[in-house]
Amino acid sequence: MQYTDTAPEIAEGRVPAHSRSWSRAIGDLRAGWRQRPLWGHLGWQDIKQGYRRSVIGPLWITISLGIQALGMGVLYAALFGQPLHDFLPYLAVGLIIWQFMAGCINEGAEVFIRNEGLIKHLPAPLSVHIFRLVWRQLLFFGHNVLVWVALMLIFPPEAPRAFGWSSLLAIPALAVIVLNGAWVAILIGIVATRYRDVPPVTASVVTLMFFMTPIVWDYEQLRSKGGAVGERARLAELNPFLHYVEILRRPMIGESFELRHWVVTLAITVVGWAVALVVLRNYRARVSYWV
Amino acid sequence: MVSIDVRNACVEFPIFDAKTRSLKKALLGTVGRAGGKIGVDTKVPIIEALQDISLTLRDGDRVGLIGHNGAGKSTLLRLLSGIYEPTRGSSRIAGKVAPVFDLGVGMDPEISGYENIVIRGLFLGMTRKQMEARAEEIAEFTELGDYLSMPLRTYSTGMRVRLALGVVTSIDPEILLLDEGIGAVDSAFLEKARDRLTALVERSGILVFASHSDEFLVELCTSGLWLDHGEIREQGDLRTVLAHYKGKDPAALSGLSGVKAEPITPLSPLNAAGGRGGGG
């Protein structure tokens, strides 16, 4: 054994000693990705946990969303005078997408705070907790999407809606939303660990955004009415959530492809990841001190 | 190559109280300074848990950490595991680290003993296949039998400790970091656990072990490191360091017969929820 007070000749290592480096930030994401068996298992565990000892278990996820969509769908279709046949799939898919996004944001704010015990006792990459969270939300999404399957069987798209090749865009659209869920969780997760007011603020903003995003109301229908209301409905496009909902909802209910939603979401994806990576680089090593 | 290189490392904890750990305070603080009027002190008090730590560990090193409660032993173990990266100075850790600080962390009370074996193993860097292959052997060691298919919440504290020890001692770490407290269960089981613990230490490349039990330290370690108020007071041969720490003549310690070993610290009840890291 040798102890040294002066700097020893340090063996060539791949990771530089300094905490604030790009290689450590990227290394954290890579190492986290390699631990797929761990977060994959934990994600499933989280789902099963909530429904332990219940007879139909995680199927409750599907059922509760189905009930919510059906109840709201019947009510709002009647209020807005829309055919249930069109409105119910529109609403249900909107709710499914919203649940995923809201889950990533709300739980992202507490992703490190809640895992304090694990962070302080086991040297896992921070991204393990992020991947676990996004994976869990994706599993919820998978359960909820059964509602969509059922609705498509009962109410297949009618003209002008129709499934076609562009419906396959649902797959890259989901990928874009998942990618965004990850950067949001990293960014909000780190900031919220330092500033504990962030989780309640996030929760109230997300609730507000639900009503500001066309999920229970159809902004295109409002726009088509024209006049002052139609003009005001255009303002909804300033809400970035609208574009995320649209890139996935349109192909899932057989509506046509709109380029602008993709441009907006992809631009936000790039900017968001850039910001999240800078925050991860600078504050990754601080999280275990802050939790 | 398995190695740990730490140079002039400091670990300093910011202590945010309810007032400073809020966005409002940070924002108002900035405004206050910009205005130059309102004296909002945004400085967060800092606890210097470790100061100017330099050490080099290589394959085969067996280090016993000695020091009073609060001297920084647990913090140093966390620094060596990579959980804390130094706030000043540098640390470089190469090798698969298995920290064993709190036997309960990573254990889920709602799932069965078998499932917990797998999850705990995954947390310690093993693969699912490796853990499944070892489940039988762990079951035999823990003597839990059919209980392993029951949820962990039905276990007594002692049974949980057995299970945790069974898993922890079945892994193949390159760097093994043990915190005190993995001591006593019931005495008959302890003998069995010690054999496994000794075997585990022999398998691992580097061992750093924090304990108040001289007997245990001498059994597992060859060199000693005395921490005092977050600084390295002395490092070198274990018996010499121990003797200086106790304020005794090294010769009196040579056989250890002259020194009455401290009773092994009883294991604190397992905190299945994950436990808060003690600063000690």
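Here the structure is a predicted model, which is why all the values come from computation and not from measurement.

Undergrad: What exactly am I supposed to notice about the overall build of chain A here?
TA: When helices and strands are counted, chain A shows 13 helices and zero strands. Its helices and strands taken in sequence order, chain A reads α-α-α-α-α-α-α-α-α-α-α-α-α from the N to the C terminus. For chain A, with 291 residues in total, the buried portion stands at 53%. Taking the intrachain contacts of chain A between residues at least 6 apart in sequence as the baseline, contacts between residues at least 24 apart amount to 77%.

Undergrad: Please explain the packing of helix H7 (residues 170-194) of chain A against helix H8 (residues 198-212) of chain A as it appears in this structure.
TA: Two quantities define a packed helix pair, namely the angle between the axes and the distance from one axis to the other. Residues and elements named next belong to chain A. Across the interface, H7 lies against H8 with an axial gap of 8 Å and an inter-helix angle of 135°. Overall, the two elements H7 and H8 adopt an arrangement that is oblique. Across the interface between the two elements, Ile188, Val191 and Ala192 from H7 touch Val198, Pro199 and Thr202 from H8. The residue makeup of the contact of H7 with H8, split by class, is five nonpolar, one polar and no charged.

Undergrad: Which parts of the structure should I look at to understand H7 of chain A?
TA: Helical geometry note: an α-helix holds 3.6 residues per turn, so side chains three or four residues apart project in the same direction. Counted at 1.5 Å a residue, the expected span for H7 of chain A with its 25 residues is 36 Å, and the 36 Å between its end C-alpha atoms agrees. Burial within H7 of chain A is extensive, with 19 of its 25 residues counted as buried.

Undergrad: In this structure, what is going on with the packing of helix H4 (residues 128-142) of chain B against helix H5 (residues 157-168) of chain B? I would like to understand it.
TA: Residues and elements named next belong to chain B. Direction vectors running N to C along H4 and H5 enclose 135°, while the axes themselves pass 9 Å from each other. Taken together, the axes of H4 and H5 lie oblique to each other. As for the relative orientation of H4 and H5, their crossing is right-handed in sense. In contact with Met131, Ile138, Phe141 and Thr142 of H4, H5 contributes Arg162, Leu163, Leu165, Gly166 and Val167. Class assignment of the residues belonging to the contact of H4 with H5 gives a composition of six nonpolar, two polar and one charged.

Undergrad: How do you make sense of a nonpolar patch on the surface when you look at a structure like this?
TA: Residue and element names in this part refer to chain A. On the surface, Val55, Ile56, Leu59, Trp60, Leu146, Val149, Leu153 and Ile154 cluster together into a nonpolar patch covering about 820 Å² of accessible area. When residues of the nonpolar patch are traced back to their parent elements, those giving at least two are helix H3 (59-80) and helix H6 (127-154). Ranked by residue count, the leading element in the nonpolar patch is H6, at four residues. Look at isoleucine 56 and you get partly exposed, because its relative accessible area is 35%.

Undergrad: Just checking my understanding: could you explain the nonpolar core for this structure?
TA: Proteins that are soluble and globular tend to have nonpolar side chains buried together. One finds Trp98, Met101 and Phe112 of chain A to be the most contacted residues of the largest nonpolar core, which totals 76 residues. Broken down by element, the residue count for this core peaks at 15 residues, all from helix H4 (residues 84-108) of chain A. If near-sequence neighbours (up to four positions away) are discounted, tryptophan 98 of chain A is found in contact with Gly103, Val206, Met209, Phe210, Thr213, Ile215 and Phe241 of chain A. Phe131 of chain A together with Phe141, Leu165 and Val218 of chain B belong to the second-largest nonpolar core, a separate cluster that totals 56 residues.

Undergrad: Got a minute to help me understand the packing of aromatic side chains in this structure?
TA: For any two aromatic rings, the description comes down to two numbers: the centre-to-centre distance and the angle of the planes. All names here are of chain A. Tallied over the entire structure, the rule returns 16 aromatic pairs over all chains. Taken together, the ring pairs connect Trp98, Phe210, Phe211 and Phe241 into an aromatic cluster. We note arginine 194 situated over the ring of tyrosine 195; from NZ or CZ to the ring centre the distance is 4.6 Å. Stacked on the ring of tyrosine 289, the Lys or Arg arginine 286 has its end atom at 4.6 Å from the ring centre.

Criteria and cut-off values
- Residues numbered from 1 in each chain as written.
- Chains lettered and ligands numbered in written order.
- Predicted model: local features only at pLDDT ≥ 70, side-chain atom pairs only at ≥ 80, totals over all residues.
- Heavy atoms only, no water.
- Helix = DSSP H or I, 4+ residues; strand = E, 2+ residues; numbered from the N terminus.
- Buried < 20%, exposed > 50% of the residue type's maximum accessible area, 1.4 Å probe, protein only.
- Contact = heavy atoms within 4.5 Å.
- Axes fitted to C-alpha atoms, helices over the stretch in contact; angles between N-to-C directions.
- Parallel < 35°, antiparallel > 145°, perpendicular 65-115°, else oblique.
- Nonpolar A, V, L, I, M, F, W, Y, C, P; charged D, E, K, R; others polar.
- Expected span 1.5 Å × (residues − 1).
- Left-handed = near helix turned anticlockwise from the far one by under 90°.
- Patch = residues over 30% accessible without salt bridge, like charges linked within 9 Å, V, L, I, M, F, W, Y side chains within 5 Å.
- Areas by Shrake-Rupley, 256 points an atom, 1.4 Å probe, with all protein chains shown as cover.
- Salt bridge = Lys/Arg side-chain N within 4 Å of Asp/Glu carboxyl O.
- Core = buried A, V, L, I, M, F, W, Y, C linked by side-chain atoms within 4.5 Å.
- Phe/Tyr/Trp six-rings, centres within 6.5 Å; stacked < 30°, edge-to-face > 60°.
- Lys NZ or Arg CZ within 6 Å of the ring centre and 35° of its normal.

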